[in-house]
Amino acid sequence: MQKVISATVEGFQCTGFEMNSILTGYARVKAKWKGIPSNTASFINQDFWKTDLSKYNNVTVFLAPGVMEVLGRKLENELPDETRVIACRFPFPDWTPTATEDEGLDQTWAYDMDAIRKLSTQA
Ligand SMILES: C[S@@+](CC[C@H](N)C(=O)[O-])C[C@H]1O[C@@H](n2cnc3c(N)ncnc32)[C@H](O)[C@@H]1O
């Protein structure tokens, strides 16, 4: 939720997927309280595993380390080449990052889908 709100401050139009309905409601209230229009940040109570993510060209994830490998395969199947993916706290085990920032609990990794695909065809 915080990632979505922060991204709107940077000028992005964002959609957050959260399957916990209480957290989804809280995110909507917090965004409204911060004066963020609902067409700039929307929060959808939905399982992203059942969601086609192919229309997104910036994706930020903050999930448990055990799902990152299979999530990488889903994103490789769905996202356009120009998409940038940011992983928070836990990196994708099979991907080579373009950049990384911060350390410890705040570390993030940036991946570009075109570079990920080029490397996976070379392997
Ligand atoms: C590590 S927490 C992220 C905390 C917070 N959203 C943030 O960005 O600081 C992971 C969140 O992902 C949600 N989540 C896990 N699996 C999901 C799924 N398949 N679809 C949607 N949300 C999911 C959990 O309910 C949890 O709130």
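Residues numbered from 1 in each chain as written. Predicted model: local features only at pLDDT ≥ 70, side-chain atom pairs only at ≥ 80, totals over all residues. Heavy atoms only, no water.

We now examine helix α3 (residues 68-78). Taken residue by residue, α3 has Met-68, Leu-71, Gly-72, Lys-74 and Leu-75 as its buried positions. One side of α3 carries all its buried residues, which in axial view fall inside an arc of 165°. On its buried face, α3 sits against β3 (58-61), β4 (84-88) and α4 (113-122). (Buried < 20%, exposed > 50% of the residue type's maximum accessible area, 1.4 Å probe, protein only. Helix = DSSP H or I, 4+ residues; strand = E, 2+ residues; numbered from the N terminus. Arc of directions from axis to C-beta. Contact = heavy atoms within 4.5 Å.)

Right, let's get into the sheet that holds β4. Taken in spatial order, the four strands make up an open sheet running β3-β4-β6-β5, and their pairing is mixed. Two strands in the sheet have a free side with no partner beyond their single neighbour: β3 and β5 (99-101). Each neighbouring strand pair of the sheet contributes to a mean axis angle of 15°, computed without reference to strand direction. Pairing geometry for β5 and strand β6 (residues 108-112), over three bridges, is antiparallel. Paired with Glu-101 across the two strands is Thr-108, which belongs to β6. (Pairing = 2+ DSSP bridges. Axes fitted to C-alpha atoms, helices over the stretch in contact; angles between N-to-C directions.)

Our next topic: a negative patch on the surface. A cluster of acidic residues, Glu-101, Asp-102, Glu-103 and Asp-106, forms a negative patch at the surface. On the secondary structure map, Glu-103 appears in the loop between β5 and β6. (Patch = residues over 30% accessible without salt bridge, like charges linked within 9 Å, V, L, I, M, F, W, Y side chains within 5 Å. Areas by Shrake-Rupley, 256 points an atom, 1.4 Å probe, with all protein chains shown as cover. Salt bridge = Lys/Arg side-chain N within 4 Å of Asp/Glu carboxyl O. Lys, Arg positive; Asp, Glu negative; His and termini not counted. Charge placed at Lys NZ, Arg CZ, Asp CG, Glu CD.)

For interface size, the figure often reported is the accessible area lost on association. When the domains of the protein chain are assigned, the result is domain 1 (1-51) and domain 2 (58-123). Placing a centre on the C-alpha atoms of domain 1 and another on those of domain 2 gives a separation of 21 Å. Across the boundary between the two partners, domain 1 contributes five residues, which contact 10 residues of domain 2. Both sides together, the interface formed by domain 1 and domain 2 hides about 570 Å², and carbon and sulfur atoms give 79% of it. It is Lys-3, Phe-48 and Trp-49 that lose the most area in domain 1 upon contact with domain 2, and together they represent 80% of the buried surface on that side. Linking domain 1 to domain 2 there are zero salt bridges. Partitioned by chemical class, the residues of the side of domain 1 that touches domain 2 number three nonpolar, one polar and one charged. (Domains from an automatic or database assignment. Buried area = accessible area lost by both parts, 1.4 Å probe. Nonpolar A, V, L, I, M, F, W, Y, C, P; charged D, E, K, R; others polar.)

Under the definition given, this model contains four salt bridges. A salt bridge links Asp-112 to Arg-84; the shortest N-O distance between them is 2.9 Å. With Asp-112 in strand β6 and Arg-84 in strand β4, the pair connects residues that are 28 residues apart, well separated along the chain. For Asp-112, a relative accessible area of 18% translates into the label buried.

Counted according to the given criterion, the structure contains five aromatic pairs. Here Phe-92 and Trp-95 contribute two aromatic rings whose centre-to-centre distance is 4.2 Å and whose plane-to-plane angle is 25°, an arrangement assigned as stacked. Exposure class is identical for Phe-92 and Trp-95. Each is buried. Seen in terms of ring centroids, Phe-92 and Tyr-111 are 5.2 Å apart; in terms of plane orientation they differ by 85°. Their pairing is edge-to-face. In this pair, Phe-92 sits in the loop between β4 and β5 while Tyr-111 sits in strand β6, placing the two residues 19 residues apart along the sequence. Tyr-111 shares its class with Phe-92; the two are buried. In textbook terms, an aromatic cluster arises when at least three aromatic residues are bridged by ring pairs, as seen for Phe-92, Trp-95 and Tyr-111. (Phe/Tyr/Trp six-rings, centres within 6.5 Å; stacked < 30°, edge-to-face > 60°.)

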